Amino acid sequence: MAVGAPPHAGGAPRAHRGAGFYLVIAALILASLFYLMPLYVMFVNGMKDKSYMTLTDMWRLPQDFSASGFRIAWDALKPNMLNSFKIAIPATILSSLLGAMNGYLFSKWKFRGSDIVFTLILFGMFIPYQSILVPLIQTLQKLGLYGRWEGLVLVHVIYGIPITSLIFRNYFANVPNELVEAARIDGAGLIGIFWQILLPLSAPAFVVVGIFQFTNIWNDFLFGVTVVFNPADQPVTVALNNLSGTTSVDWTAVMGGAMLAALPTMIVYMLLGRYFIRGLLSGSLKG
Amino acid sequence: MARVIFDNVTKRYAGGVIAVYQLNMEVLDQEFLVLVGPSGCGKSTAMRMVAGLEEISEGRIIIGDRVVNDLPPKDRDVAMVFQSYALYPHMTVYDNLAYPLKLRKVNKQERDRRVREAARTLDIEPLLDRKPKALSGGQRQRVALGRAIVRNADVFLMDEPLSNLDAKLRVQTRAELIKLHERVSTTTIYVTHDQVEAMTMGDRIAVMSLGVLQQLDTPQRLYDVPANKFVAGFIGSPSMNFLDVTIERRNGKLYAVAPGVNLEVPDFKAASLERFIGNKVILGVRPEHIIDWNQANGIAAADSKLPVTVDVVELLGNEIFVYLTLQDGNTITARMAPDARLQRGLTLDVTAAPEKLHFFDPETEYGVY
């Protein structure tokens, strides 16, 4: 374990923090600094005044903390941020619920051929988004949802079904079957068992799926730019891209905007991240 | 209250595995019937078919006067206690008990009355506000029982309900379950792999092996008159000793004979053994029926004896288990009173209580009576 650390002669049998331990820590710190660099650039340049912003200065700290980049970006992106919330929240909730129902059926009410159906559903995860754009738009046109945010919600809900079903199925597989059997004998039916027994037990799975789906949907650009064409209805990712779309680019605004657009997912992850990891790892109900 | 009838019930799983084969038996009204057998013998499957958790491949199951084959579990009016208790972890004890009543649209007042009554019966009133995770194993077990009795179901099904308890609590709860049954007298089917539990609790015991019912009888009859070699070996601990012997007639008496074995067969067994004269049978002797020949005074005939060597002595305090090697190298177990003389390597003569000898047909393994 401890690389290069000689074992203590007659040392106590507890874990010894040798040089290897500190090497690993140092490597981890370096790696996290590396990953935080873009965040740093986004933040400091968002705080700068437009006139101070040059490529050579981009690593420097701002001189006056004017935050003008943030202000400009906020004014430009605010409606689209709201659009993103309007799309991501219902889409997250709906796809989580659908995933929970699927996971429940595929783990607790197996039927003949259910494993094949499940495999087919999982297939949806491996189809590249770009390849289905044309039929997708055609379908939305037929449904009268093309160009509307509701259409985007529908697309995200459907695209979320494979992964949410998978996570919930694996989670419910760890819920003892006896619980379902006891409820059946007590008099609960297919739907009653789901609402009264399994759903109250699935908070950890909802956290995992919720974070996953919210992040994915919030960060989506491709569907946002293709399904919704009116700029006022587009999600923040598309609007952010449009900020730099003009001839002269205001980098302070773009940087501030990128920071703002990333904020909701960062907050969600910071608040629920530990449940995310815990839920991914265990999902057990024992004890 | 109701009887449960298994009418030629077979359970065949996809892939052809047969878990229960042509089971015929009637569980009487108010009876406490124990289904016992080694794991994989089909006892749990048989019970789960009564509950409706497994489909019945062939035959019928009748509860009361209804054929329940096509009824879902909730319409069969059975209550079940699971080995893992299967308490709903997010509900309080009160809600766990009230849940089946709520689903059956029992009004709130009546529900409350019955939950509290069941809690009183099981001595769990102070726990009603707790969640299952804040309970000990024994307490969880009581709540699981409570959830069954609160419904006044026709039939109780219990699937190894004591096997997650520690030894002391298990014995205690065993007694309480018997008392509970005396009080509520609900027809009960109780599944266990533990023959001590079966013997102490059952009005009658159904012994199963490899999906087939071996014998259905009272505990005493199972012990005294096992129908076949399997039942004889399964009931009783340590289990019955089996020896291959030949039946011989000498001076008008029958003897069970093998190298180093010579036991006189009592007269009341002679008739049934006539047809085996000159042939092999399996002799069965329970460990508690093996006696030191010197102390046998008159119990066994003078020439009925087996010279043995003591191999291992296990002390249990009030009794000892002695593992003895016969002349031909076979080992038998004896259950005796503590005796300081019995040490490893000691040679002595033992005999068997003649009226306690069992004989089994070596081909069918059926008991010879």
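Note that the structure is a prediction, hence the values are computed from the model and not measured. (Residues numbered from 1 in each chain as written. Chains lettered and ligands numbered in written order. Predicted model: local features only at pLDDT ≥ 70, side-chain atom pairs only at ≥ 80, totals over all residues.)

**Focus: the interface of chain B and chain A**
So, point 1. Every contact between the two is made by 18 residues of chain B and, on the other side, 15 residues of chain A.
So, point 2. Taken together, the elements giving at least two residues each to the side of chain B that touches chain A come down to strand S6 (78-81) and helix H2 (93-103) of chain B.
So, point 3. A class-by-class count of the residues in the side of chain B that touches chain A yields 13 nonpolar, 2 polar and 3 charged. (Contact = placed C-beta atoms within 7 Å. Helix = DSSP H or I, 4+ residues; strand = E, 2+ residues; numbered from the N terminus. Nonpolar A, V, L, I, M, F, W, Y, C, P; charged D, E, K, R; others polar.)

**Overview of the domain arrangement of chain A**
Residues and elements named next belong to chain A.
So, point 1. For chain A, the assigned domains are domain 1 (1-8 + 15-66) and domain 2 (69-281).
So, point 2. Averaged C-alpha coordinates put domain 1 and domain 2 at centres separated by 31 Å.
So, point 3. Taken together, the contact pairs 9 residues of domain 1 with 9 residues of domain 2.
So, point 4. Across the side of domain 1 that touches domain 2, the residue classes break down as 5 nonpolar, 2 polar and 2 charged. (Domains from an automatic or database assignment.)

**Structural notes on the nonpolar core**
So, point 1. If you look at the biggest cluster of nonpolar residues, it comprises 145 residues, and the most contacted ones within it are Leu35, Val50, Met80, Val155, Leu157 and Ile189 of chain B.
So, point 2. Those residues within four positions of Met80 of chain B in sequence are excluded, and the remaining contacts are Ala182 and Ile185 of chain A together with Ala51, Ala148, Leu157 and Asp159 of chain B.
So, point 3. Among the nonpolar cores identified, the runner-up in size contains 17 residues, and Ala239, Met255, Met259 and Ala261 of chain A belong to it. (Core = buried A, V, L, I, M, F, W, Y, C linked by C-beta atoms within 7 Å. Buried ≥ 20, exposed ≤ 12 C-beta atoms within 10 Å, placed from the backbone.)

**A short note on the domain arrangement of chain B**
Residues and elements named next belong to chain B.
So, point 1. Taken domain by domain, chain B comprises domain 1 (4-232) and domain 2 (241-360).
So, point 2. Centre-to-centre separation of domain 1 and domain 2, based on C-alpha positions: 40 Å.
So, point 3. Between domain 1 and domain 2, the residue contacts involve 4 residues of the former and 5 residues of the latter.
So, point 4. In terms of residue class, the side of domain 1 that touches domain 2 is built from 2 nonpolar, 1 polar and 1 charged.

**A short note on helix H1 (residues 43-51) of chain B**
So, point 1. Burial analysis of H1 of chain B places 9 of its 9 residues in the buried class, the great majority of the element.
So, point 2. Gly52 of chain B sits one or two positions beyond H1 of chain B and adopts a positive phi of about 95 degrees.

**Observations regarding the pairing of strand S10 (residues 212-217) of chain B**
Residue and element names in this part refer to chain B.
So, point 1. Judged from the 5 bridges that link them, strand S9 (residues 204-209) and S10 form a sheet pairing that is antiparallel. When the sheet's bridge partners are listed, Ile205 is paired in S10 with Asp217.
So, point 2. Between the antiparallel neighbours S9 and S10 lie 2 residues, among them Leu210 with a positive phi of about 50 degrees. (Pairing = 2+ DSSP bridges.)

**Things to note about the sheet that holds strand S18 (residues 331-336) of chain B**
All names here are of chain B.
So, point 1. In spatial order, the strands read S15-S19-S16-S17-S18; together these 5 strands make up an open sheet with antiparallel pairing. The outermost strands of the open sheet, each flanked by one partner alone, are strand S15 (290-292) and S18. Between one strand axis and the next, the sheet turns by 50 degrees as a mean value, whatever way the strands run.
So, point 2. Bridging between strand S17 (residues 320-326) and S18 involves 6 bridges; their strand directions are antiparallel. Bridge pairing in S18 places Ile320 opposite Met336. (Axes fitted to C-alpha atoms, helices over the stretch in contact; angles between N-to-C directions.)

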